[in-house]
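In case you want the letters, here they are:
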Amino acid sequence: MTDAPRRRPSLLPRRSWGETSRIFGILRRETVGGALLLVGALLALIWSNSPWADGYQALRDLRLGPAALHLDLSLATWAADGLLAIFFFVAGLELKREFVAGDLRDPRRAAVPVAAAMGGVLVPALLYHLIAGGDAPRGWAIPTATDIAFALAVLAVVGRFLPAALRTFLLTLAVVDDLLAIVIIAVFYTSDLAVGPLLGALVPLAVFGLLVQRRVRSWWLLLPLAAVTWVLMHESGVHATVAGVLLAFTVPVVRSRAAGGPDAGPGLAEHFEHRFRPLSAGVAVPVFAFLSAGVTVGGLAGLATALTDRVAVGIVVGLVLGKPIGIMAATWLVSRFTRADLDEGLNWLDVFGLALLGGIGFTVSLLIGELAFGLGSERDDHVKVAVLTGSLLAAGLATVILRVRSRAYRRVHEAETVDRDRDGVPDVYQAQPDRSA
């Protein structure tokens with residue numbers, strides 16, 4: 001009697017039901033945030049191209065804050081440096097959770113999203129450099145970021161029955177992408193580094209970390225420490241959003257043994273995430289989009305002028321071609337090296353659709369554009385037109401691909417929701433083998 005052939009590992013393995021439920025909750029909140037982001041961006045575009053465009057510019061340039069602390073900043077700068085620090089704080093919490101208690105703690109499971117994220121950074125940067133690098137090298141990182149909220153807003157319309165494994169892959173890819181983005185911002189877009197304030201920021205950061213490690217949740221202690229860390233980081237020349245990630249990395253993910261251990265309920269990181277994700281998705285990112293996406297296009301002639309700029313062409317090509325090529329190539333290479341297969345019901349066209357969604361770069365792309373060329377400059381306006389154009393093209397192409405596969409997704413979705421014993425856990429998640437790559 002011959003042994004049954006061993007099944008090859010899964011390239012995009014299904015997670016446990018508890019982890020899948022948590023991720024679906026995150027995706028639902030981010031989808032609402034994505035809709036608000038699109039509304040904010042649309043309002044900005046309408047206002048900035050109306051007869052009252054001067055009012056929009058005046059609002060963006062309105063300065064607030066104490067000059068003595070070098071914080072008399074415009075509203076647009078407060079949105080980029082302040083509100084996006086909240087966004088990166090939430091991203092940092094999710095990233096740490098993935099490394100401590102999620103898929104990224106297992107090298108086999110982490111290989112695919114990490115490789116895909118790196119491919120999705122390297123190839124767009126290379127294409128940008130080939131097209132526009134000699135003219136404006138500082139813009140190379142603009143087409144490397146994925147906007148998960150924008151992508152999920154598109155997914156909510158065209159991929160409502162997308163299988164859980166694909167949704168999980170997209171979210172994990174975006175989480176790693178956020179980490180790469182913040183590293184790029186910290187390393188390549190820091191100017192006039194002031195060592196004193198940078199070292200000074202470590203003091204409130206350390207106190208914040210000590211308190212959260214002791215499970216202190218008192219906002220009147222933690223928020224002032226976080227604010228001081230942010231101010232000193234801003235003063236140091238490092239982009240202030242880095243403070244959000246560093247603060248998040250100090251927050252414990254798993255409960256200590258004294259607090260009952262991992263089985264006693266969610267840790268402090270998940271508690272903070274529940275508190276701050278609605279603020280990030282519902283306020284911080286939409287307001288940033290409203291104050292950053294406004295650009296006076298100038299009709300078809302202005303659009304043509306912007307999109308013939310080599311920088312703009314590099315950004316559009318990087319988003320629409322570079323992102324999917326990088327993500328697909330890296331995922332395929334992992335598949336070849338690990339001999340992993342896609343699960344039944346999925347094929348490479350599905351990965352291509354998700355890779356196209358990865359080409360939707362908005363929030364972080366606009367932020368890097370401002371850092372590279374200066375807020376409100378002519379080239380910054382071209383960057384905004386290019387980011388919007390590239391993101392819309394990527395969204396449109398992803399919509400076509402995912403629509404083609406909608407019937408297959410519906411069949412997988414029906415199989416994933418069968419619960420014959422009515423215990424609240426779909427049967428497919430019970431006693432499933434580990435086939436991770």
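This structure is a prediction, so every number in the text was calculated from the model and none was measured.

## Concerning the overall build of the chain
- Each helix and strand counted, the chain has 16 helices and two strands in total.
- Here the chain has a C-alpha radius of gyration of 22 Å; the compact-globule value for 437 residues is 22 Å, and the two agree.
- Here the chain holds 437 residues, and the buried ones make up 53% of them.
- Across the chain, every contact between residues at least 6 apart in sequence was considered, and the portion connecting residues at least 24 apart equals 80%.
- Summing over all exposed atoms, the chain offers an accessible surface of approximately 19400 Å²; the carbon and sulfur share of this is 65%.

## Brief notes about the nonpolar core
- Among the nonpolar cores identified, the biggest contains 105 residues, and L12, I315, L357 and F362 are the most heavily contacted of them.
- In terms of residue count, helix α6 (residues 164–188) provides more of this core than any other element does, 13 residues in total.
- Core analysis: the second largest hydrophobic core is formed by 17 residues, L222, L225, A248 and A269 among them.

## Comments concerning the environment of F150
- Note that F150 resides in helix α5 (residues 148–158).
- Take F150: its relative accessible area is 6%, and that puts it in the buried class.
- Expressed as a C-alpha distance, the spacing of F150 and A312, which sit 162 residues apart in the sequence, is 20 Å.
- With sequence-adjacent residues up to four places away left out, F150 is seen in contact with G34, L37, L38, I360, F362, S391 and L392.

## Describing the pattern of salt bridges
- Counted under the stated rule, the structure contains six salt bridges.
- Across the pair R405 and D350 runs a salt bridge whose closest N-O atoms are separated by 2.7 Å. Taken together, the residues span a long stretch of sequence, with R405 in the loop between α15 (378–404) and α16 (406–416) and D350 in helix α13 (residues 348–357) at a distance of 55 residues.
- Classification of D350 by relative accessible area gives buried; the value is 0%.
- In this structure, a network of salt bridges that share partners links the residues E94, E273 and R277.

## Thoughts on a nonpolar patch on the surface
- Together, L193, V195, L199 and L202 make up a nonpolar patch on the protein surface, roughly 370 Å² of accessible area in all.
- Topologically, L202 is positioned in helix α7 (residues 195–213).
- With relative accessibility at 47%, the residue L202 sits in the partly exposed group.

## Topic: the packing of helix α12 (residues 310–338) against α13
- It is at 8 Å that the axes of α12 and α13 come closest, and there the two elements cross at 140°. Accordingly, the angle class assigned to the pair α12 and α13 is oblique. Between α12 and α13 lies a crossing of right-handed hand. Side by side, α12 and α13 meet where V320, K323, P324, I327, M328, T331, W332 and S335 of the first sit next to W348, V351, F352, A355 and L356 of the second.
- Across the contact of α12 with α13, the residue classes break down as ten nonpolar, two polar and one charged.

## Details of the packing of aromatic side chains
- Following the criterion strictly, the structure yields ten aromatic pairs and no others.
- Pairing W78 with W230 gives two aromatic rings, centres 5.5 Å apart and planes at 15°, and the pair type is stacked. In this pair, W78 sits in helix α3 (residues 75–101) while W230 sits in helix α8 (residues 219–236), placing the two residues 152 residues apart along the sequence.
- Residue W230 is classed as buried on the basis of its relative accessible area, which comes to 10%.
- It is R379 that lies over the ring of F373; its NZ or CZ is 6.0 Å from the centre.

Rules used in this analysis
Residues numbered from 1 in each chain as written. Predicted model: local features only at pLDDT ≥ 70, side-chain atom pairs only at ≥ 80, totals over all residues. Heavy atoms only, no water. Helix = DSSP H or I, 4+ residues; strand = E, 2+ residues; numbered from the N terminus. Rg over C-alpha atoms; globule rule 2.2 N^0.38 Å. Buried < 20%, exposed > 50% of the residue type's maximum accessible area, 1.4 Å probe, protein only. Contact = heavy atoms within 4.5 Å. Areas by Shrake-Rupley, 256 points an atom, 1.4 Å probe, with all protein chains shown as cover. Core = buried A, V, L, I, M, F, W, Y, C linked by side-chain atoms within 4.5 Å. Salt bridge = Lys/Arg side-chain N within 4 Å of Asp/Glu carboxyl O. Patch = residues over 30% accessible without salt bridge, like charges linked within 9 Å, V, L, I, M, F, W, Y side chains within 5 Å. Axes fitted to C-alpha atoms, helices over the stretch in contact; angles between N-to-C directions. Parallel < 35°, antiparallel > 145°, perpendicular 65-115°, else oblique. Left-handed = near helix turned anticlockwise from the far one by under 90°. Nonpolar A, V, L, I, M, F, W, Y, C, P; charged D, E, K, R; others polar. Phe/Tyr/Trp six-rings, centres within 6.5 Å; stacked < 30°, edge-to-face > 60°. Lys NZ or Arg CZ within 6 Å of the ring centre and 35° of its normal.

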